[in-house]
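Inside the fold
Chain by chain, the residues:
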Amino acid sequence: MATINSTVISGSHAIPALEPLLSGKRQLLLVTDANIVRLDAVVQIRTLLANDGRQVTLIDNVPAEPGHHDVSKLVKRVADLNVEMVIGIGGGSVLDVAKLLSVLCHPESPTLDAMLAGEKPQQRVTSVLIPATAGTGSEATPNAILAIPEQNTKVGIISPVLLPDYVALLPELTTSMPAHIASSTGIDALCHLIECFTATIANPISDNAALIGLQKLLKNIETSVNEPNNLLAKLEMLWASYYGGVAINHAGTHLVHALSYPLGGRYHLPHGVANAILLAPCMKVVRPHAVNKFAQVWDLLPDADRTLSAEEKSFALVEYFSALVKRLNLPDNLATLGVPSTDLSALADAAINVKRLMNNAPCQVSHDDVKAIYQTLFPELITKGVNHE
Ligand SMILES: [Zn+2]
């Protein structure tokens, strides 16, 4: 758990509010990706950064799954620039790389290899994180995920020093996001919030963040997808995602994310898509152990029937999650996504080994339970009654 000291700037038409943060800085590093860099709002931000003769070095090629070699190359590229401020604009991968560079650009920082070996950084240069998707909440977490291709795995570097000085939630950056990305990243944020809310180590701070985030998300997720120019709905989703990050910081995810990792790692399913497929089946397993919390979440839905009993509300919430994924046109099974049903046991082996998350679920979940969840994602196995051992 890390204390979040970031100052948050938010609102539509708030880009000029970035200007005072740049006072006294001469050498800036802008980290983004090839798609985001073309957005009108990013062009506007670049112009603002370059005002008053400031030098702006642009990195616009952060890959979707950045590895330690990618970051090492970037560090070499900017080593002689005396970077004073790192600005990250993008999705979770871009923000994670920007967080790492804010530390690695500091002259007294350990090397990336030393950090991967466990050495803790102590300082960073000033950092500003601007999410361009409403999903990961990376701007509010002390984590950066890096791929280690040689070991076919990913590792997390975790340090409170990675948390940014400033966060800017600017809805103009998310209006041109394709609907399927807005849907899947929104569901990722929903998973962060509902998993943290029901986590074993949930506490009043994470519960508070989760409830504020869930209220905003449940009210705005569909509007933000169906009305992409609705700046208020987009801003509310950015806040929901931010609160998801805050909740992760204090509690952490569990079942959906544990079962989602192997689907991302082996089959490269987008993180939000894998989570969308797993959301309702996992919450069905969690429900009996979190009836009152599910009922609390049900009451946040704008049209909720509040006369139901807590038990009825908890069942209704699982149904709502299932229907929401369908309404957002996200897949709800694995059959058409290139995952063979013969891999059920291997998937369960991998998920059960994500012990930190499995232990954070509010119920004991066995290997057979995990396998049974994956099995529900192959409709042909259910209809034919096939039992793969
Ligand atoms: Zn996630």
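Residue numbers run consecutively from 1 along every chain, following the written order of its sequence. Given that this is a predicted model, residues contribute local features only at a pLDDT of at least 70 and side-chain atom pairs are listed and counted only at 80 or more, while totals for whole chains, interfaces and linings are drawn from all residues.

Numbering goes from the N terminus for both helices and strands, where a helix is a DSSP run of H or I of at least four residues and a strand is a run of E of at least two. Within the protein, the regular secondary structure consists of 15 helices and eight strands. Across its three principal directions, the C-alpha atoms of the protein cover 65 × 45 × 35 Å. Three exposure classes are used, all based on how many other C-beta atoms lie within 10 Å of a residue's own C-beta (placed from the backbone): buried at 20 or more, exposed at 12 or fewer, and partly exposed between those limits. Buried residues in the protein amount to 47% of all 389 residues. Considering only contacts within the protein whose residues lie at least 6 apart along the sequence, 77% involve residues at least 24 apart. Any two residues are considered in contact once their C-beta atoms, placed from the backbone, lie within 7 Å.

Attention shifts here to the nonpolar core. By size, the foremost hydrophobic cluster in this structure holds 118 residues, and its most contacted members are V31, V86, L101, L193 and L279. For this core, the element with the highest residue contribution is helix α7 (residues 231–250), accounting for eleven residues. Aside from chain neighbours lying at most four places away, what touches V31 is I59, V62, V86, I87, G88, V94, V97, A98 and L101. Think of a nonpolar core as buried Ala, Val, Leu, Ile, Met, Phe, Trp, Tyr and Cys residues, each tied to the set through C-beta atoms within 7 Å.

What follows concerns the sheet that holds strand β2 (residues 27–31). Spatially, six strands are ordered β1-β8-β5-β4-β2-β3 in an open sheet, and the strand pairing comes out parallel. Looking along the sheet, the strands with just one partner apiece sit at the ends: β1 (7–10) and β3 (55–59). On average, each strand axis in the sheet is tilted by 20° relative to the strand beside it, whichever way the strands run. If DSSP finds at least two bridges between two strands, the strands pair. Two elements, β2 and strand β4 (residues 85–90), share four bridges in a ladder whose sense is parallel. Paired with L30 across the two strands is I87, which belongs to β4. Taken strand by strand, α7 contacts β1, β5 (126–131) and β8 (166–169), and its axis lies near 145° from that of β8. Axis definition: a line fitted to C-alpha atoms, over the contacting stretch in the case of helices. Angles run 0 to 180 degrees between N-to-C directions.

A word on the environment of G135. Following the sequence through the fold, G135 ends up in the loop between β5 and β6 (143–148). A C-alpha to C-alpha distance of 8.3 Å links G135 and A240, two positions 105 residues apart in sequence.

Across four bridges, β1 lies against β8 in parallel orientation. In the strand pairing of β8, V8 is matched with V167. Taken together, the two bridges between β5 and β8 define a ladder with parallel strand orientation. The partner of L129 across the bridge, within β8, is V167.

Let's shift gears to helix α10 (residues 291–298). Residues of α10 that are buried include every one of K293, F294, A295, V297 and W298, and no others. Those residues of α10 that are buried are in contact with α5 (179–197), α6 (204–226) and α11 (310–327).

This brings us to the packing of α6 against α7. Working note: a packed helix pair is described by the angle between its axes plus the distance between those axes. Orientation of α6 relative to α7, taken along the N-to-C sense of each, is 150°, at an axis distance of 8 Å. Relative to α7, the element α6 is oriented roughly antiparallel. For α6 against α7, the interelement crossing comes out left-handed. Note on residue categories: nonpolar means Ala, Val, Leu, Ile, Met, Phe, Trp, Tyr, Cys or Pro, charged means Asp, Glu, Lys or Arg, and polar means any other residue, Gly included. Split by residue class, the contact of α6 with α7 holds 13 nonpolar, seven polar and four charged. Just so you know how the angles are binned, under 35 degrees is roughly parallel, over 145 roughly antiparallel, 65 to 115 roughly perpendicular, and the rest oblique. Two helices that cross are described as forming a left-handed crossing if the nearer one is turned anticlockwise from the farther one by less than a right angle, and a right-handed crossing if clockwise.

Moving on, we get to the packing of helix α8 (residues 255–267) against helix α12 (residues 344–352). With their axes 8 Å apart at the nearest point, α8 and α12 run at an angle of 125° to one another. Considered as vectors, α8 and α12 are oriented oblique to each other. In terms of crossing hand, the pair formed by α8 and α12 is right-handed. Across the interface between the two elements, A258, L259, Y261 and P262 of α8 pack against L347, A350 and A351 of α12. Among the residues making up the contact of α8 with α12, the classes are represented as seven nonpolar, no polar and no charged.

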